[in-house]
Each structure stands twice: as C-alpha cells, then as structure tokens.
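Residue-level listing of the chains:
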Amino acid sequence: MDDASVAESLENYEAISAINFYLVPHYNSIPFKGAVNKIIKEYNDNIPLVAISNNQAVIIENDGKRTITKGVKFLFISQY
C-alpha cells in the first residue's frame, strides 16, 4: 500500500517484531479501501492480520492487545 522508497532513511523493520501480528491501517477508509481489501484477501490465510480504520488504534499492554475505537463499527482480526 505504501511505497517504501519514500522512506529513504528506513534501514530495517526491526521494531515491527515487537508484535506478533501485522497491522493493516486504513480499513474501510477512502481512498484505501480497495488496497486494504486486496492485502487482506492476499495475506489473510498466511499471516495474522489486524486491520484498523483511521479512527482506531491498537494498544499493546502486558503481552496482550486491545483495540480502541471511537465511533467506528469496523474491525477485522485475522483468524490465522
């Protein structure tokens, strides 16, 4: 969805290993809806995904996660 070449100073993805799932932002949010659905369709059977809208956040506390939502009805959590 995002062009990694724009982040010229990004050397690795090590911080991502702090969680055991892949966060997919912009769920059901225009103009990203099509791209997000494509990512979910392509990867849902192989890796754990948590898709959140632009009005949601995932909080990691004590080895668990919870999603906070403000006025949003959509959340997708992979069954991987």
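Source: prediction; values computed, not measured.

What counts, and where the lines are drawn
- Residues numbered from 1 in each chain as written.
- Predicted model: local features only at pLDDT ≥ 70, side-chain atom pairs only at ≥ 80, totals over all residues.
- Heavy atoms only, no water.
- Helix = DSSP H or I, 4+ residues; strand = E, 2+ residues; numbered from the N terminus.
- pLDDT = per-residue confidence, 0-100.

Asker: Can you help me understand unusual backbone geometry in this one?
Answerer: Keep in mind that most residues, glycine aside, have a negative phi and that most peptide bonds are trans. Residue Pro31 is bonded to the preceding Ile30 through a cis peptide linkage, with omega at 5 degrees. As for its position among the elements, Pro31 is in the loop between strand E1 (22-24) and helix H1 (33-43). Of note in the backbone geometry, His26 takes a positive phi value of approximately 70 degrees without being a glycine. Residue position: His26 is located in the loop between E1 and H1.

Asker: Help me understand the confidence of the model for the protein, please; the structure alone is not making it clear to me.
Answerer: On average, the protein scores 76 in pLDDT, and the residues at 70 or more come to 69%. At the low end of the mean pLDDT range in the protein sits strand E5 (residues 76-77), at 55; at the high end sits H1, at 92.

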